Amino acid sequence: MNRRHFLQVALGLCLVCLSWLAAPLPALAMGGTQIPLGEPAPEFTLPTNAGDGEISLADFRGQWVVLYFYPRDFTSGCTIEAQRFERDIAEYQARNAQIIGVSADSVESHAEFCDAEGLEFPLLSDPRGAVSKAYGSWLGAMSLRHTYIIGPDGTMQARFLGVQPVIHSREVLAKLDELQQAA
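Given the structure is predicted, the values throughout are model-derived calculations rather than measurements.

(A) Main features of the environment of Gln98. Among the secondary structure elements, Gln98 is positioned in strand β6 (residues 97–103). In the structure, Gln98 is positioned 35 residues away from Gln63 in sequence and 7.0 Å away in space, judged by C-alpha atoms. Those residues in contact with Gln98, other than ones at most four positions away along the chain, are Phe60, Gln63, Trp64, Val65, Val66, Phe121 and Pro122.

Printed below as a string of C-alpha cells:
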C-alpha cells in the first residue's frame, strides 16, 4: 500500500468515527444545545412594540406558543416567514396558539416592520441574544431561523431547525394539529 492510499483510508476511517461520535448528540444544532422535548421551555421577559411594552412566556400559560427566532426585520426570508404567519393567524387563534417572533432588532425596528407588513402578533427584541442563546438559536450577532412549539403547560413540544420560510407556517399548523390530537 502506498503512502497516498494509506492516507486516504485513514482519512475515511476518521470521518466515519467522527460521524459515529456525533450521532448520539441529536440535541445539538447550529446555534447551541437544544432543550429536550418534554422539558420546561426557558422562561423569558423581553421588550416588545406591542401591548404594555414587555412580554413574558408566562403570560401565555394555558395556550400553545409558537416561538420563532429569525435573523433580521425587513430581510426577504424573514419578511416571507412573518407574512405567512400573519396570513394564517386566524388558524393559530382557532388552535389556541399565540405566535411570538424574536430577533436582535430593536423595538423601534419591530414597530416599523409590524406596520409595514401589517403584523398583528408581537415581535420581541433580544439585542444581546440572551433568550436566543437559552433556546440554542444564536449565532454571532443574530438569532437563527428556528421555531419552537411550547405546550400550554410550558414544556417544549416540537422544534423546527431547518426552516423554509415559504412553507413554514403550514408545517407548524400541521404539527400543532398532530400535538393537539395526541393530547
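(B) Region of interest: the side chain of Asp73. Topologically, Asp73 is positioned in the loop between β5 (64–69) and α2 (76–87). Despite being buried, Asp73 has no salt bridge partner; Arg72 is the closest side chain of opposite charge, sitting 8.1 Å away. Polar contacts involving the side chain of Asp73 include one to the side chain of Ser109, which spans 2.8 Å. Each residue touching Asp73, except ones within four places of it in the same chain, is listed here: Ser103, Asp105, Ser109, His110, Phe113 and Leu123.

(C) Expanded view of the packing of aromatic side chains. Under the criterion given, the structure shown has eleven aromatic pairs. Geometrically, the ring pair formed by Phe69 and Tyr148 is edge-to-face, given 5.9 Å between the ring centres and 80° between the ring planes. One end of the pair, Phe69, is in strand β5; the other, Tyr148, is in strand β10 (residues 146–150), with 79 residues separating them in the sequence. Each member of the pair, Phe69 together with Tyr148, is buried.

(D) Region of interest: the pattern of salt bridges. All told, the structure shown has nine salt bridges when counted by the stated rule. Taking the shortest distance from any N to any O, the salt bridge between Arg72 and Asp105 comes out at 3.9 Å. Remark: Asp105 occurs in the loop between β6 and α4 (107–117) and Arg72 occurs in the loop between β5 and α2; sequence separation between them is 33 residues. For Arg72, a relative accessible area of 28% gives the class partly exposed. Taking the shortest distance from any N to any O, the salt bridge between Arg145 and Glu81 comes out at 2.9 Å. On the criterion of sequence distance, the pair formed by Arg145 in the loop between β9 (142–143) and β10 and Glu81 in helix α2 is long-range, its members being 64 residues apart. Shared partners join several salt bridges into a network, and the residues in it are Arg87, Asp88, Glu91, Arg95, Arg170 and Asp177.

Calculation criteria
Here the residue index of a chain counts from 1 through its sequence in written order. Two thresholds apply to this predicted model, a pLDDT of at least 70 for residue-level local features and 80 or more for giving and counting side-chain atom pairs, whereas whole-chain, interface and lining totals are computed over all residues. As a convention, hydrogens and water are excluded, and side-chain values are obtained from all of the structure's heavy atoms. Secondary structure follows DSSP: runs of H or I at least 4 residues long count as helices, runs of E at least 2 residues long count as strands, and numbering of each begins at the N terminus. Two residues qualify as a contact provided that any one of their heavy atoms is within 4.5 Å of a heavy atom in the partner residue. For each residue, the accessible area found with a 1.4 Å probe, counting protein chains only, is set against the maximum for its type, and the residue is called buried under 20%, exposed over 50%, and partly exposed in between. Residues scored as positive are Lys and Arg, those scored as negative are Asp and Glu, and His as well as the terminal groups of each chain are ignored. Each salt bridge in this description consists of a side-chain nitrogen of Lys or Arg and a carboxyl oxygen of Asp or Glu lying within 4 Å of one another. For the purposes of these results, a polar contact is taken to be a pair of N or O atoms within 3.5 Å, where, inside protein, one atom must be able to donate a hydrogen and its partner to accept one; residues adjacent in sequence count only when each atom of the pair is a side-chain atom. Pairing of aromatic side chains requires ring centres within 6.5 Å, counting the rings of Phe and Tyr and the six-membered ring of Trp. Pairs whose planes differ by under 30 degrees are stacked, by over 60 edge-to-face, and all others tilted.

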